[in-house]
There are 2 protein chains.
Amino acid sequence: MTTSTTTRLLDAAEFRMRRGGYNAVSFRDLASDTNIKSSSVHYHYPRKEDLAVALIQRYREQFFEALDKNTRSANEAESKLRAFRLLYRKALIKDGALCLCGLLGAEAAGLPPSVRDAVNGFFAANIEWVSEALPASMPMAERRKAARRLVATYQGGMMLAKSMDDPKLFDAIATTAIEQSPALNR
Amino acid sequence: MTTSTTTRLLDAAEFRMRRGGYNAVSFRDLASDTNIKSSSVHYHYPRKEDLAVALIQRYREQFFEALDKNTRSANEAESKLRAFRLLYRKALIKDGALCLCGLLGAEAAGLPPSVRDAVNGFFAANIEWVSEALPASMPMAERRKAARRLVATYQGGMMLAKSMDDPKLFDAIATTAIEQSPALNR
DNA sequence: CGCAATATATCAGGTGATAGATAGGCGATT
DNA sequence: AATCGCCTATCTATCACCTGATATATTGCG
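Everything numeric in this text was worked out from a predicted model, so none of it was measured. (Residues numbered from 1 in each chain as written. Chains lettered and ligands numbered in written order. Predicted model: local features only at pLDDT ≥ 70, side-chain atom pairs only at ≥ 80, totals over all residues. Heavy atoms only, no water.)

A. Region of interest: empty space enclosed by the protein. Scanning all chains against the criterion turns up four cavities of 30 Å³ or more. Along its surface, the largest cavity is lined by 18 residues, and Gly102(A), Gln155(A), Met159(A), Gly102(B) and Met159(B) are the ones closest to its centre. For the lining of the largest cavity, the secondary structure elements donating two or more residues are helix H6 (100–106) and helix H8 (140–163) of chain A together with helix H6 (100–106) and helix H8 (140–163) of chain B. By residue class, the composition of the lining of the largest cavity is 12 nonpolar, six polar and no charged. If you add up the space inside the second largest cavity, you get close to 50 Å³. In terms of lining, the second largest cavity is formed by Gly105(A), Ala106(A), Glu107(A), Ala108(A), Ala109(A), Arg18(B), Arg19(B), Ala97(B), Leu98(B), Lys162(B) and Ser163(B). Looking at the lining of the second largest cavity, the elements with two or more residues in it are H6 of chain A together with helix H1 (5–20) and H8 of chain B. Among the residues forming the lining of the second largest cavity, the class breakdown is five nonpolar, two polar and four charged. (1 Å grid on protein atoms, 1.4 Å probe; cavity = no way out; pocket = protein on both sides within 12 Å on 5 of 7 lines; lining within 4 Å. Points joined across faces, edges and corners; volume = space filled by probe spheres on them. Helix = DSSP H or I, 4+ residues; strand = E, 2+ residues; numbered from the N terminus. Nonpolar A, V, L, I, M, F, W, Y, C, P; charged D, E, K, R; others polar.)

B. Layout of the interface of chain B and chain A. Between chain B and chain A, the contact holds 37 residues from the first and 38 residues from the second. Buried area between chain B and chain A, summed over both chains or domains, comes out near 3,100 Å², and the portion from carbon and sulfur atoms is 68%. At the boundary of chain B with chain A, the tally comes to zero salt bridges. Every element with two or more residues in the side of chain B that touches chain A is listed here: H1, H6, helix H7 (113–133), H8 and helix H9 (167–179) of chain B. Looking at the side of chain B that touches chain A element by element, the count peaks at 12 residues for H8(B). (Contact = heavy atoms within 4.5 Å. Buried area = accessible area lost by both parts, 1.4 Å probe. Salt bridge = Lys/Arg side-chain N within 4 Å of Asp/Glu carboxyl O.)

C. A look at the relation of the copies chain B and chain A. Relative to chain A, chain B is turned by 180° and slid 0.0 Å along the rotation axis, the superposed coordinates differing by an RMSD of 0.0 Å. The superposition operator between the copies reduces to a two-fold rotation axis. When the interface residues of chain B are mapped onto chain A, 100% of them again lie at the interface, so the same face is used by both copies. (Least-squares fit on C-alpha atoms with pLDDT ≥ 70 in both.)

D. Up close: the side chain of Arg18(B). All names here are of chain B. Among the structural elements, arginine 18 can be located in helix H1. On the basis of relative accessible area, arginine 18 is assigned to the buried category, the value being 4%. Only 3.0 Å separates the side chain of arginine 18 from the backbone oxygen of alanine 91, close enough to count as a polar contact. The residues contacting arginine 18, other than those within four sequence positions of it, are Tyr59, Ala91, Asp95, Ala97, Leu98, Cys99, Leu100 and Leu103. (Buried < 20%, exposed > 50% of the residue type's maximum accessible area, 1.4 Å probe, protein only. Polar contact = N/O pair within 3.5 Å; in protein donor to acceptor, adjacent residues only side chain to side chain.)

E. Structural view of H8(A). Residue and element names in this part refer to chain A. With 24 residues, H8 extends 34 Å between its outermost C-alpha atoms, agreeing within 8% with the 34 Å of an ideal straight helix rising 1.5 Å per residue. Of all the 24 residues making up H8, 17 are buried; the element is thus mostly covered by neighbouring parts of the structure. Backbone geometry just after H8 places aspartate 165 at a positive phi near 55°. (Expected span 1.5 Å × (residues − 1).)

F. Just the protein's contact with DNA strand D, in detail. Near DNA strand D, the surroundings consist of 16 residues, among which Lys37(A), Ser39(A), Tyr43(A), His44(A) and Lys48(B) are the closest. Contact between DNA strand D and Phe27(B): a phosphate oxygen at 3.0 Å from a main-chain N or O atom of the residue. Those elements giving two or more residues to the surface near DNA strand D turn out to be helix H3 (38–44) of chain A together with helix H2 (27–33) and helix H3 (38–44) of chain B. The dominant element in the surface near DNA strand D, judged by the number of residues it contributes, is H3(A), at four residues. Split into classes, the residues belonging to the surface near DNA strand D amount to five nonpolar, seven polar and four charged. (Near = heavy atom within 4 Å.)

G. Spatial organisation of the environment of Arg58(A). All names here are of chain A. Considering the arrangement of structural elements, one finds arginine 58 in helix H4 (residues 48–70). Taking C-alpha positions, arginine 58 is 15 Å from leucine 104, a pair spaced 46 residues apart along the chain. Not counting residues within four places of it along the chain, the set of residues in contact with arginine 58 comprises Thr7, Leu10, Asp11 and Glu14.

H. How the structure looks around helix H2 (residues 27–34) of chain A. All names here are of chain A. All of the buried residues in H2 are Phe27, Leu30, Ala31 and Thr34. Each buried residue of H2 sits inside an arc of 105° when the element is viewed along its axis, so together they form one side. Summarising the geometry of H2, the exposed residues directed more than 90 degrees from the buried face are Arg28 and Ser32. Turning to H2, the residues buried within the fold contact helix H1 (5–20), H3 and H4. In the stretch just after H2, asparagine 35 is the one whose phi turns positive, near 60°. (Arc of directions from axis to C-beta.)

I. Structural context of the packing of H7(B) against H8(B). All names here are of chain B. Two numbers describe how H7 lies on H8: the axes approach to 8 Å, and their chain directions differ by 125°. In terms of orientation, H7 and H8 fall into the oblique class. In the crossing of H7 with H8, the sense of the turn from one axis to the other is right-handed. For the pair formed by H7 and H8, the contact residues are Phe122, Phe123, Asn126, Ile127, Glu128, Val130, Ser131 and Glu132 on the first element and Met140, Arg143, Arg144, Ala147, Arg148, Leu150, Val151 and Gln155 on the second. Taken together, the residues of the contact of H7 with H8 break down into eight nonpolar, three polar and five charged. (Axes fitted to C-alpha atoms, helices over the stretch in contact; angles between N-to-C directions. Parallel < 35°, antiparallel > 145°, perpendicular 65-115°, else oblique. Left-handed = near helix turned anticlockwise from the far one by under 90°.)

J. Structural context of the protein's contact with DNA strand C. What surrounds DNA strand C is a group of 17 residues, the closest being Arg28(A), Lys37(B), Ser39(B), Tyr43(B) and His44(B). Sugar and phosphate atoms constitute 51% of the interface atoms of DNA strand C, taking the interface as everything within 4 Å of the protein. A distance of 2.9 Å separates a base oxygen of DNA strand C from a polar side-chain atom of Arg28(A). His44(B) is positioned with one of its side-chain polar atoms (N or O) 2.6 Å from a phosphate oxygen of DNA strand C.

Structure below.
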């Protein structure tokens, strides 16, 4: 089976952007990655921000598809949160790169508004998901607060682990974080 | 009093780099910021990575000078950690930008090794400082773990708050984080 | 003088983006 | 069945501009 050009373009863009950020991706790089010419890349994504927005959209969809799949049979908050942590872990360890939105979020001030919005949509959905996963016995305000803190810790943990080139650092940080989520210490 | 050219260069570079990252700073931008020519910038910092390393060094020194100053009369772990949190907060709120090393750490994979090393030195010093600030009654291994998690949470919290354009988000995340530092719940 | 700091001028290469040509497939018309 | 027009996807060629970096000249001060 052959992979569509847009898929190969997004694959190449994701690989590069999750390592170097928005400016580390050029139309010429993507063209040579996919064996077409840079003008053909513009045919599929006229402007660079179009490409970035499409990439973030796909990233978000794939993230939540995997998350839903891995929590289909999960009832307890603890197993849902574990699936969430393992998905972040996989992004770091298996892909060997940061979360796309973690990197773009750091660069947010210099990004086109449409890209920034897409990144923030990912974060909002993350926080929303974790809030829902926390036990209903916990007040909603408290759940949102814990959710925000969890996402912040995981994003910061990925950044630290990748920057310091020590994947175990993420586990040390993230595993502790989940144990200390107030809802789970009943 | 006049400010030295290198100081003005580092000021301009810090402003730009803390918003857009490494690639968002160009010699020509810095030249026009400081009313000199780009070749004169090269006189002070021959290569871009020289400039970045010097900038990170200064950032680190100023950070720990301020930290020492603000904890000179602090004995309790709680007040030391509060000073640490408030310094991160100031970097975000007053400067209106991310931590220089938080941004560069995210871009680490695409940076020159010397710059990456300088960034990691900042993180290592951060973790070390927090480890020392935590109560001696706590085992060192546990202190290091809590310190890593705290730094990760603050870095991630800054990124989330700045990206989502909601400074209060950092307070919500960071205040909760410090309250949950295991050592302080005695 | 001699040195530190600036300037002029230029280089090779990369950047996002656009205009216009070409090829091939596919359905509709003849 | 053959042809035509259209559409998708690619190509070639080029634009103006920005990038880090260098060689060389000039300035001004102690």
